[in-house]
Amino acid sequence: MTPVTANAPKPSKTKKAPEPAVALPGGYAGKLLRVDLTTRKCWAEPWGSRMRELLGGAGLGAMLLYRETAKRGGKGNVAWDDPDNRLVLATGPLAGLPVWGTGGLTVCTIGAGTNGPTSTQANGFFGTNLKYSGWDAIVVQGQARDWVYLYINDDTVELRDAKFLVGKDTWETQDALCRVTGLAGHQLSVYSIGPAGEHLVRFAAIQGDYGHVASKNGTGAVMGKKRLKAVAIVRGTKALRAVDPRGVLQAADDIAHDLRTDPSARSLYEYGTLPGVGNLSKLGVLPIRNYTTNLTANVPGADMADWEAPRLRANFDHRGHQCNACGMHHCHMSVIQKGAHKGRIVDEPEYEGWSGCGWQIGAVDRDGIAWLATECDRACVDVNEFGWITGWVMECMEKGYITRAQLGFDLTWGDIPGAGRLLRMISRREGFGAVLAEGVKRAAEQLGSPAKDCAVYIVKGATPRGHDHRGRWDEMLDTCTSSTATMETGNPVHPTEVGQPARINIFDGVQVAKNVAGLAGRRSFEDSLGICIFTTRTRLENVCRALGAATGWTFTVDEAIRFGRRTAAINRATALRCGHAGALEYPSVRYGSTPVDGPAKGQAVRDQWETMLDTWYAEVGYDRKTGKPWPKTLKALGLDWLARDLWGKKA
Amino acid sequence: MRVLAIHPEKCTGCLRCELACSYVQTGEFQPAKSVIRVSPFEGHTSYAPYTCTQCAEGWCMTACPVGAITINAAGAKDVLDDRCVGCKLCTIACPYGTMFYDPGTRKAFKCNLCGGAPACAEACPTAAITYEETWTGDWLGDFAHERTARILEIR
Amino acid sequence: MAQRHLIIGGGTAGINAIRTIREEERERSEIALVAAERPYSRMVLPYYLDRSIAESHVYTATPRVLADWGVTSRIGRRATALDTQAGVCTLDDGTTLEYDDCLIATGSSAVRAPVPGADGRAVHSFWTLEEARAVLAGIRPRSHVVLVGAGFIAFTILNSILSLGARLTIVEVAPRILPRMIDDTGAGLVARWLADHGVTVRTGVTLTRIEDAKGGKRLVFASGAPLACDLVIMATGITTNLEWLQGSGVGVNRGVVVDEHLRSSVPSVYAAGDVAEGRDRISGEAAVHAIEPTAQEHGRVAGANMAGKDVRYRGSVLINIVEVCHLDVASFGAWDDPKAEAASGLMADRPAYRKLLWRGDRLTGAIILGPSSDIWTTNDVGMLKGLVQSGVALGRFKAHLMAQPFDVKPAFIASRTTSRLLDETILGRPAKAPGDTPVAV
Ligand SMILES: Cc1cc2nc3c(=O)[nH]c(=O)nc-3n(C[C@H](O)[C@H](O)[C@H](O)COP(=O)(O)OP(=O)(O)OC[C@H]3O[C@@H](n4cnc5c(N)ncnc54)[C@H](O)[C@@H]3O)c2cc1C
Ligand code: SF4
Ligand code: SF4
Ligand code: SF4
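Calculation rules
Residues numbered from 1 in each chain as written. Chains lettered and ligands numbered in written order. Predicted model: local features only at pLDDT ≥ 70, side-chain atom pairs only at ≥ 80, totals over all residues. Heavy atoms only, no water. Contact = heavy atoms within 4.5 Å. Buried area = accessible area lost by both parts, 1.4 Å probe. Salt bridge = Lys/Arg side-chain N within 4 Å of Asp/Glu carboxyl O. Polar contact = N/O pair within 3.5 Å; in protein donor to acceptor, adjacent residues only side chain to side chain. Helix = DSSP H or I, 4+ residues; strand = E, 2+ residues; numbered from the N terminus. Nonpolar A, V, L, I, M, F, W, Y, C, P; charged D, E, K, R; others polar. Pairing = 2+ DSSP bridges. Axes fitted to C-alpha atoms, helices over the stretch in contact; angles between N-to-C directions. Core = buried A, V, L, I, M, F, W, Y, C linked by side-chain atoms within 4.5 Å. Buried < 20%, exposed > 50% of the residue type's maximum accessible area, 1.4 Å probe, protein only. 1 Å grid on protein atoms, 1.4 Å probe; cavity = no way out; pocket = protein on both sides within 12 Å on 5 of 7 lines; lining within 4 Å. Points joined across faces, edges and corners; volume = space filled by probe spheres on them. Domains from an automatic or database assignment.

Visitor: Mind laying out the interface of chain A and chain B, listing which residues take part and the relevant values?
Guide: Chain A puts 41 residues into the contact, and the matching count from chain B is 24 residues. When the two sides are added together, the surface that chain A and chain B hide from each other amounts to roughly 2,700 Å², 58% of it contributed by carbon and sulfur. Applying the counting rule to chain A against chain B returns two salt bridges. Between Glu42(B) and Arg319(A) there is a salt bridge; the shortest N-O distance is 2.9 Å. Our count for the chain A to chain B interface comes out at ten residue pairs in polar contact (both at pLDDT 80 or more). It is helix α7 (residues 245-261) of chain A that provides the largest number of residues to the side of chain A that touches chain B, a total of six residues. Of the residues in the side of chain A that touches chain B, the class split is 20 nonpolar, 13 polar and eight charged.

Visitor: An account of the sheet that holds strand β11 (residues 167-172) of chain C is needed here, citing residue identities and associated values.
Guide: Note: strands within a sheet are paired through backbone hydrogen bonds, in either parallel or antiparallel orientation. Residues and elements named next belong to chain C. The parallel open sheet is built from five strands, whose spatial order is β9-β16-β10-β11-β12. Each having just a single partner strand, β9 (123-125) and β12 (200-203) make up the two edges of the open sheet. Taking each pair of neighbouring strands and ignoring which way they run, the sheet shows an average axis angle of 20°. Both β9 and strand β16 (residues 231-234) contribute to a ladder of three bridges, which runs parallel. Bridge pairing in β16 links Ser125 to Met234. Contacting β9 and β16, helix α4 (residues 129-138) crosses the sheet at an angle of about 140° to β9.

Visitor: Outline the nonpolar core, supporting the account with residue identities and numerical values.
Guide: One finds Ile138(A), Leu150(A), Trp392(A), Val393(A), Phe525(A) and Leu642(A) to be the most contacted residues of the largest nonpolar core, which totals 205 residues. Among the nonpolar cores identified, the runner-up in size contains 183 residues, and Phe125(A), Ala166(C), Leu189(C) and Ala295(C) belong to it.

Visitor: Please set out empty space enclosed by the protein residue by residue, giving values where relevant.
Guide: Tallied over the entire structure, the rule returns nine cavities of 30 Å³ or more. Those elements giving two or more residues to the lining of the largest cavity turn out to be β1 (2-6) and β3 (46-50) of chain B. Residues that form the lining of the largest cavity fall into these classes: ten nonpolar, six polar and one charged. As for the second largest cavity, its lining consists of Ala58(A), Ser119(A), Thr484(A), Thr486(A), Met487(A), Glu488(A), Arg523(A), Ser524(A), Asp527(A), Thr567(A) and Asn571(A). Every element with two or more residues in the lining of the second largest cavity is listed here: α20 (522-526) and α22 (557-577) of chain A. Tallied by class, residues from the lining of the second largest cavity come to two nonpolar, six polar and three charged.

Visitor: Which residues make up the domain arrangement of chain C, and what are the values?
Guide: All names here are of chain C. Partitioning chain C into structural domains gives domain 1 (4-109 + 239-306), domain 2 (123-236) and domain 3 (326-423). Its C-alpha centre places domain 2 at a distance of 30 Å from the equivalent point of domain 3. Between domain 2 and domain 3, the contact holds eleven residues from the first and twelve residues from the second. Carbon and sulfur atoms make up 77% of the area that domain 2 and domain 3 hide from each other, which totals about 1,000 Å². For domain 2, the biggest contributors to the area lost against domain 3 are Met181, Leu189 and Trp193; these three give 50% of the whole. Where domain 2 meets domain 3, there are one salt bridge. Split by residue class, the side of domain 2 that touches domain 3 holds seven nonpolar, two polar and two charged.

Spelled out as structure tokens, the structure:
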């Protein structure tokens, strides 16, 4: 296979006046890497003057999708499996700098789950290595004829034969690429797909650097469809300049101080998301046995003392495995100490692993769950949707909606080896696995009621994160109204900083909707910086200061929020083009049901859903009927051009 | 003499030390020029930083044909840029692999303990690197020995 | 204890010996230096040639420094005979010097291929400062320079010639380049790299004569087309400067044979550097290592012993590095040991190459090639040297390194090589910084 270099000339499509040369702000590498798999060309594209407008990550991705995934000549949007779909792997201006958790990768694409836009984040060292190689983002288009992987080492950019990687899981893929390049550790960052991506499983994820996952909306299937097995980036040799390096370090110290000391971040700092199980079970937000109960006692063998973070961690021989420059005690590698998988190296599951591969499927064997969650990462299956699918199959088998003949074996609550078997079937589309590989929503619809009514999903085709949102309405509303197939606004972080109340009545639909709308923007902003969602759990002002010191811009909290809302509006426009009308913004029957026991017992979200939608739409300034942001909303955000695009002359 | 004491069991492989080092040494963030290097052990589960021990022989210093390596106020072997001709002899003389060369400047470079305020120790979020009055030692040997055993067994 | 030391030769070995005597002696002694040239470092001549340093930069001990050290020097004089019975050295001007002990550190000289025209106009060696001056004066931008010989020394000046803007052709009688520094595979990589950087290499050609040709030179070969050029540099080998020792009674083989104290067959006579045949640390056999680090270590050990210390030398490790257009090429120890077990790894695209040679579970030799900008390669360069130098038993890491020659770091660190090395010093004490040598004891 002939290597191509990144210096191939940019094919001139439109004749525009050349952009005026602008001084490169600090923090940026300065170039986007364009990769066309069909023509096997790679070329460098200057960012030009768009950096402040798009920042990077989610902001850049949203704009690229909006600009480049419209159907040629016609109405509508290209589908996820169209060669014209873009796979944007973007970092941001903070990636690679010594602010905690700045290895950031944001994946933006038309995803296979909803067939609509996605913005989903992972970390590790992708962003670091990419930027030190001299690139801010990779924009992949086209479809390769044979499996390839993208190799980046400074200015050397090559599409290489990936036949020898096909069939390998994501960890094996990274091992193999380390071997062929002779590199070890963070010298090589690899993001790849495993069998699930190769087999176009609709909830296949992109996994990288042993345990970091861009999990939402089937990004792995998009990569699989493009026959791009992996992206391997050597830690480049270039320099990143910050306009005020001391300022970056100071902002980093302030952020670190907040994370270490602020009550809202402290447990995350000490134990990552491990305390989630214990804490959320007390709120009725831990999903147990596919939303059939909210009582931990209903799971045989459950001892909540085992689930306190220190004990959970002590169960393993655990080692820190932090992302770039990060001081959180969050990402860890563990060695299983006992049982069937003794001696195995696993990624310490996140809360979502403990729930998706544990409580949601009725399992509490911590060693087994850790193994299964890692197997999901290795197969490149989104651990959340795997939980929804598996719990659903378990319940349906119990109730006789799915038979042993259909599945090929008996799968009962808590059966981890059985779930592992199901995972293999799904990721290779074997037998009934082919049905399940279509994702919860499509599988449920194929089976129809009554099985369908047991499935947890959003009508749009997405699935929630690993919670029981019947006790956390804000995230249910956020997930359903989102244009990115996962939460778009995110959980409140220092809400008073942006004028939101510190506390609301979480079962008052109007308050919830107002709160979700009021917090909009922050998340999309953070997701554009190449930084981890957890290390931004500080005052937004600190993050803005880090950004300012890096780039030299004065970026206020106000501008940050406006930026985020602009990004959300652009994603909304793309989602509408993908046919995501308001009718899809509903929880499935089970997802929106009323808990029968536990702390949130009797709280009926469905009763308030229409009011919540009405309120949310009014508050964000979108039109409830058409789903479009109102012209005045867009104009206030400085998106006059989008107002014209969406409303024509009416704007 | 104060030395960089390394506590490998605390290291998480975040590479912040490399960023800080390159910043202080070059004025830019450029880990490729960091003189402290974090190595992985046991298939990405363990990491530890590694840098010049300021060894007693100072193989780099004695090898230099033009006397371009000297001992600075912090007791560290330090390259005098205006003396160094870029012959690289020091890079093959140092038996620890902690003497480097920059083709851009055509100068050798190494850990000089930042003149007495090491940036890596300051930057490490887990205190895996401390700057202490103690004997220099083989900080990583035992740790690495244990953390590589499994890999060798599997093989 | 010897009161009058005589150092013959002012190169690396000689100057290091003088410094060490001053560092180690308890009572002030007399030191005399005889050197045919002013003390300078040969190995920095390539940087003088590419004009990145001034001529003054090559000197290792100026008259002022020698005076500070209390050295009586006879610069520009050659030793022509040594009467070891009487303790008298005769110089080329007929004068004599008496000594209690002396150090032979006369180094080596370049030899030219014995062909007609080898000593003609515009044909140079590149070994001394004087020759370097002549070459520098003879090269113009766009000159066509032919390097005869593709050995280590030729490669040390290759970058300099290119950076002067000259066009370069290398001719070599052997079938491949760098025959005494790296193996065939490595040489092949370097050859390809050179071709990519516009340097023409002709191997396997026998030079028969060098002629004058309209303003330039013409090289004629036993077969193949002759080669026209402006300037010829002969890098066809070196010879140890021993001839003046005839009749001295000092035992000579390929060099002056020395023991672990760097003492020759005559107890009051030491030898060091290129001229000495000491011990190869890896094989344990006698060897002449005509490299800078050996001259330095020899010189310091000899100096310490002359100052009355008892310092035993464990032998020298052959180490070499050249940079070829930003490609680092290095070899260590017994890299060409035919009896060794060997494993290699190649990444042609970067390019990167490793070859590891073993006796039992000890690494006895290594070859490493990689981009000079790659710090991880440099890391491994040093670690390979450390593994060869320390002779640490690698146990189970041997199999690992045989399979993955690029994964040196964990092996080096986990085999606790650092702790083995930390105790080692050449003189049994921490080295002093260059400026710290006492000037008035
Ligand atoms: C261009 C070039 C590049 C090199 N590059 C490297 C390299 O990269 N790495 C490396 O390891 N080595 C290199 N070398 C080799 C290295 O320079 C020698 O190994 C080293 O100089 C040997 O030191 P020495 O003291 O033994 O001899 P020398 O440095 O040769 O010193 C010998 C001294 O003796 C004097 N002398 C000779 N005969 C007499 C006499 N009869 N009476 C009095 N004085 C006499 C000479 O004038 C000189 O002062 C290079 C050499 C050259 C020429
Ligand atoms: S590279 Fe510089 S510091 Fe190193 S030995 Fe050569 S001259 Fe000395
Ligand atoms: S660079 Fe190497 S030789 Fe020099 S002081 Fe440090 S460890 Fe010793
Ligand atoms: S900063 Fe500390 S924890 Fe991070 S890699 Fe360096 S030594 Fe390890």
